[in-house]
Amino acid sequence: MNIFDKGFTPAEAQLRYLDADYVVLRPGSFVRCAITGRPIPLDELFYWSVERQEAYADIETAGEAYRRHKLGK
């Protein structure tokens, strides 16, 4: 089934984030940004934290997560 099939419903994927790659634990078409909650299509996912196992929508939110977590240490 793909996005062009009738009845396709986007589903949230579950991923294990690795260095420069990820493993799909539960198939889906998107993940949620840990900072904004915004859905990120898997083909647009470029930023994540291996340490915290969370995804970020863009470089700005990745930077925000870094600042938040660095201040929390």
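Quick caveat: nothing in here was measured; it's all calculated off a predicted structure.

**Q** Just give me the short version of the overall build of the protein, but keep the residues and values in it.
**A** A tally of regular secondary structure across the protein gives one helix and six strands. Scanning the protein from its N terminus toward the C terminus, one meets helices and strands in the order β-β-β-β-β-β-α. Taking contacts inside the protein between residues at least 6 apart in sequence as the whole, the part at least 24 apart equals 24%. Only carbon and sulfur atoms are counted for the fraction: they give 54% of the accessible area of the protein, which is about 5,300 Å².

**Q** Lay out the nonpolar core in plain terms, naming residues and giving numbers.
**A** Counting residues in each nonpolar core, the largest one holds ten residues, listed as Ala13, Leu15, Tyr17, Val31, Cys33, Ile40, Leu42, Leu45, Ala55 and Ala57. Aside from chain neighbours lying at most four places away, what touches alanine 57 is Cys33, Arg38 and Ile40.

**Q** Explain the pattern of salt bridges to me, using residue names and the numbers behind them.
**A** One pass over the full model with this rule turns up five salt bridges. One salt bridge in this structure joins arginine 32 and glutamate 12, with 3.6 Å as the shortest N-O distance. Here glutamate 12 lies in the segment before β1 (14–18) and arginine 32 lies in strand β3 (residues 30–32), a separation of 20 residues in the sequence. By relative accessible area, arginine 32 is classed as partly exposed at 38%. Overall, the relative accessible area of 33% leaves glutamate 12 in the partly exposed class. Between glutamate 54 and arginine 52 there is a salt bridge whose closest N-O contact spans 3.3 Å.

**Q** Please provide a residue-by-residue account of the side chain of threonine 61, values included.
**A** With respect to the secondary-structure elements, threonine 61 resides in helix α1 (residues 59–72). Given the relative accessible area of 9%, threonine 61 is considered buried. In terms of polar contacts, threonine 61 uses its side chain to reach the backbone amide nitrogen of alanine 57, at 3.2 Å.

Calculation notes
Residues numbered from 1 in each chain as written. Predicted model: local features only at pLDDT ≥ 70, side-chain atom pairs only at ≥ 80, totals over all residues. Heavy atoms only, no water. Helix = DSSP H or I, 4+ residues; strand = E, 2+ residues; numbered from the N terminus. Contact = heavy atoms within 4.5 Å. Areas by Shrake-Rupley, 256 points an atom, 1.4 Å probe, with all protein chains shown as cover. Core = buried A, V, L, I, M, F, W, Y, C linked by side-chain atoms within 4.5 Å. Buried < 20%, exposed > 50% of the residue type's maximum accessible area, 1.4 Å probe, protein only. Salt bridge = Lys/Arg side-chain N within 4 Å of Asp/Glu carboxyl O. Polar contact = N/O pair within 3.5 Å; in protein donor to acceptor, adjacent residues only side chain to side chain.

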